[in-house]
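Results of the structural survey
Chain by chain, the residues:
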Amino acid sequence: MATVKSENFVQGNVKYAAQLIQGKVAGLSVSAPSGDPTEGTQINLRGTSSILGGTNPLVLVDGVPGSLATVAPEDIESIDVLKDGSATAIYGTRGTNGVIIITTKKGSNDMKSTIEYNGYASLSTIANRMNFLDANELRQKFSEGYTFNGANLQDYGANTDWVDEITRDAFSQVHNLIFRGGNSTSNMTASLNYRDIEGIFLKSNNEKYTARVSVNHAMFDNKLKANVGVILSEQTYNALGDGYSFNPYIYRQAIIRNPTEPVYNADGSWYERDVYFYDNPVAYIQETIGQNRYRNSRLDFSLSYDFGDHLTLKGLYTRKGNSNIRGFYQTKNHVSTTKNGQDGFASRGTDDYVVNYGQFTVDYNNTFGKHSHTWL
C-alpha cells in the first residue's frame, strides 16, 4: 500500500482528484486523454494499460464506494493506493484492478475553529497547432496547378482560419472554503467548492458546486462514536450533443475546411456548400443550444463501538441519489435544416436513481509477543 498525504500532492492547476498523485505512486498510471472539461482521468493500477479495457480501480471515499468526482480535490486529506493481492483479499473481486482509498479533510476533538481558503485561476490554449495551409498559401498552390483527385480546388475569395474560429483561450477558476472545529466530544467539518472550467472549444464549459458537511460525536468515554455526513453537488455544462459537451465532428469539419471559404454569406447567413458531410463548423456550434445538469447527493451514517478488549464493531449506512437532465436542440438555421431539410431537431433525456449501501464490520487486533494479528 502506498499513502500520499495532502502536503505531498501535486500542486497548482489540478482538475481531477487522480492528478493529485500523478507520478507519486510507482505503477500507477494517470492520464487525461480528452481535452473536454467534463471528462475525467483514466487510471491503471493492475493489468495491461488500455484505453477502453475497463481497468479502473475501486474507489472508496471515506469508506464508501464512489468515484474520483465525489469530492473536490481541494477537500482531500490523503489517498491510499492498494495495488497488489491485498486489495482482492480485502475487497474481493471489486478490488481486482486495485483500490484507491480517499480520506477527506476532517476536524478533530479540541480543535480550534479554523477557516481555510484556497483557489487558483488558469488559462489554457493550444500548445501545438497542426500546420495547415492558409488561404494565401493554398492560392499559391492553385497557381502552381495543384489538383486534388484530378479536380482543381476552387478559390472562394475569403481568408478563414477555421480552427481559430471555433477555439478560444480558455479561462478557468477554482475556489474552495473549509471550516473545521471541535470540542472534547464532537467535531465538525463543512466545505464548499466551486469549479468553473472552460475548454478551448467554444461552448465547452463545465461548472460544478460541491458542498460537504461531516459531524462526529463520541459518547460513553469515547467507546461509542457516531458520524453523520452529507455531500451535495450540482454540475452543469453546455451540450452540443446527446449527453456530451462537445461534438468532435465539429473539430473534424474545421481541419478539413477550405480556408478560402467565408464563415458568412453577404446577407449574414451561414455559408454552406452542398457537399456530403461537409458543414460549417462555426454554424454547427452557434446553432446548437443545450444544457446538461447532474445533481448528486450522498448521506452517510455510521456507529462504532470499542469494547476495549481489542474488539470494535462498526455499522455503516449510505444512501446515494442522482438526478440528471440533459437536452439540446438545433435551430432552423442549423445545417440539419438548411442543408438536410430536417426542419429543426430537439432531444431531451432524464435519469434518476437511488442506491442504498450497508456495511457491518468486526475488527479484532491483538499482539502476542512478537506477533501481531488483525482480523476484519
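Placed above this text is the structure.
What counts, and at which threshold
Residues numbered from 1 in each chain as written. Predicted model: local features only at pLDDT ≥ 70, side-chain atom pairs only at ≥ 80, totals over all residues. Heavy atoms only, no water. Helix = DSSP H or I, 4+ residues; strand = E, 2+ residues; numbered from the N terminus. Rg over C-alpha atoms; globule rule 2.2 N^0.38 Å. Buried < 20%, exposed > 50% of the residue type's maximum accessible area, 1.4 Å probe, protein only. Core = buried A, V, L, I, M, F, W, Y, C linked by side-chain atoms within 4.5 Å. Contact = heavy atoms within 4.5 Å. Pairing = 2+ DSSP bridges. Phe/Tyr/Trp six-rings, centres within 6.5 Å; stacked < 30°, edge-to-face > 60°. Salt bridge = Lys/Arg side-chain N within 4 Å of Asp/Glu carboxyl O. Arc of directions from axis to C-beta. Polar contact = N/O pair within 3.5 Å; in protein donor to acceptor, adjacent residues only side chain to side chain.

1. Describing the overall build of the chain
Within the chain one finds six helices and 18 strands. Taken against the 2.2 N^0.38 rule, which gives 21 Å for 376 residues, the C-alpha radius of gyration of the chain at 27 Å runs more than 25% over that of a compact globule. If you line up the chain on its principal axes, its C-alpha atoms span 90 × 40 × 35 Å. Looking at the chain as a whole, 40% of its 376 residues are labelled buried.

2. Some thoughts on the nonpolar core
Among the nonpolar cores identified, the biggest contains 22 residues, and Ile76, Ile79 and Ile102 are the most heavily contacted of them. Among the elements of the structure, strand S4 (58-61), strand S6 (76-82) and strand S7 (99-104) are those that each provide at least two residues to this core. With three residues, the top contributor of residues to this core is S6. If sequence neighbours within four positions are ignored, Ile102 has contacts with Val59, Leu60, Val61, Asp62, Leu68, Val71, Ile76, Ser78 and Ile79. Residues Phe201, Ala254, Trp270 and Val282 belong to the second largest nonpolar core, which totals 16 residues.

3. Some points on the sheet that holds strand S1 (residues 2-5)
Spatial ordering of the open sheet is given by S1-S6-S7-S4-S5, a layout of five strands whose pairing is mixed. On the outer flanks of this sheet lie S1 and strand S5 (64-65), each paired with one strand and no other. Strand direction decides the pairing type here: S1 and S6, joined by four bridges, are antiparallel. Pairing of Thr3 across the sheet is with Asp80, part of S6.

4. A look at unusual backbone geometry
Even without being a glycine, Asp221 presents a positive backbone phi close to 60 degrees. Residue position: Asp221 is located in the loop between strand S13 (205-219) and strand S14 (224-238). Not every positive phi belongs to a glycine, and Asp343 is a case in point at roughly 65 degrees. Locating Asp343 in the fold gives a position in the loop between helix H6 (335-338) and strand S17 (345-368).

5. Concerning the packing of aromatic side chains
The full count for this structure, using the stated rule, is 10 aromatic pairs. Geometrically, the ring pair formed by Tyr237 and Tyr294 is stacked, given 6.0 Å between the ring centres and 15 degrees between the ring planes. In this pair, Tyr237 is assigned in strand S14 and Tyr294 in strand S15 (residues 288-306), connecting sequence segments 57 residues apart. Overall, the relative accessible area of 18% leaves Tyr294 in the buried class. Following the ring pairs from residue to residue traces out a cluster consisting of Tyr249, Tyr276, Phe277 and Tyr284.

6. Points about the pattern of salt bridges
Summed over all chains, the structure comprises 14 salt bridges. Across the pair Asp161 and Arg129 runs a salt bridge whose closest N-O atoms are separated by 3.3 Å. Residue Asp161 is located in the loop between strand S10 (151-152) and helix H3 (162-166), and its partner Arg129 is located in the loop between strand S8 (114-124) and helix H2 (135-143); the two are separated by 32 residues in the primary sequence. Residue Asp161 is classed as partly exposed on the basis of its relative accessible area, which comes to 40%. Here the residues in one salt-bridge network are Lys105, Glu116 and Arg180, joined through shared partners.

7. Describing the pairing of S7
With five of six residues buried, S7 is to be regarded as a mostly interior element. Alignment of S4 against S7, held across four bridges, turns out to be parallel. Bridge pairing in S7 places Val59 opposite Ile100. Sheet topology places S6 next to S7; six bridges connect them, and they run antiparallel. Across the sheet, the residue bridging to Ile79 is Ile102, located in S7.

8. Things to note about helix H4 (residues 248-256)
Restricting attention to buried positions, one finds in H4 the residues Tyr249, Ile250, Gln253 and Ala254. Looking straight down H4, one finds that the buried residues subtend no more than 145 degrees of arc, so they occupy a single side. Against the buried residues of H4 lie H3 and helix H5 (281-286).

9. Digging into the environment of Asp134
When you line up the elements, Asp134 lands in the loop between S8 and H2. Of the polar contacts made by the side chain of Asp134, one reaches the backbone nitrogen of Asn136; its length is 3.2 Å.

10. Details of the side chain of Asn176
Looking at the secondary structure, you find Asn176 in strand S11 (residues 170-182). You can call Asn176 buried: its relative accessible area is 1%. A polar contact is formed between the side chain of Asn176 and the side chain of Asn193, at a distance of 2.8 Å. Here Asn176 is in contact with Ala72, Glu74, Glu116, Tyr117, Asn118, Leu192 and Asn193, once residues within four sequence places are set aside.

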